[in-house]
Amino acid sequence: MRSVILACFQRFCALLGSRGITKQDPLTPRELERLAVDRLRVSRDDSETLTSLFEEARYSEHPLGDIDRARAINSLGRIRVALEG
């Protein structure tokens, strides 16, 4: 589950990069989220959900489940649709 969530956030970063947000290395996940919302008009709810799940997957040790994985996939899907829209 953790690896799927991390991969979803990685794909989110790639989507941002393909739309001009390219200097991502010095940015925190929350700064990337803010740029996505402010510059690209990505849904605040979807980007917040994906970023929160990423932080949990990356920095915690407790187990994550199918619901968490599905939330990450669904949030990424909605972000992708909005950006390609």
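Everything discussed here concerns the structure shown above.
Residues numbered from 1 in each chain as written. Predicted model: local features only at pLDDT ≥ 70, side-chain atom pairs only at ≥ 80, totals over all residues. Heavy atoms only, no water.

Below, the discussion takes up helix 2 (residues 29-40). For helix 2, built from twelve residues, the straight-helix expectation of 16 Å at 1.5 Å per residue is met to within 8% by its first-to-last C-alpha distance of 16 Å. Along its buried surface, helix 2 packs onto helix 1 (2-18) and helix 3 (44-59). Downstream of helix 2 by one or two residues, Arg 41 has phi in the positive range, about 60°. (Helix = DSSP H or I, 4+ residues; strand = E, 2+ residues; numbered from the N terminus. Expected span 1.5 Å × (residues − 1). Contact = heavy atoms within 4.5 Å.)

Its place among the elements puts Thr 51 in helix 3. Given a relative accessible area of 0%, Thr 51 falls into the buried group. There is a polar contact of 2.8 Å between the side chain of Thr 51 and the backbone oxygen of Ser 47. When sequence neighbours within four positions are dropped, the list of residues in contact with Thr 51 reads Phe 9, Pro 29, Arg 30 and Glu 33. (Buried < 20%, exposed > 50% of the residue type's maximum accessible area, 1.4 Å probe, protein only. Polar contact = N/O pair within 3.5 Å; in protein donor to acceptor, adjacent residues only side chain to side chain.)

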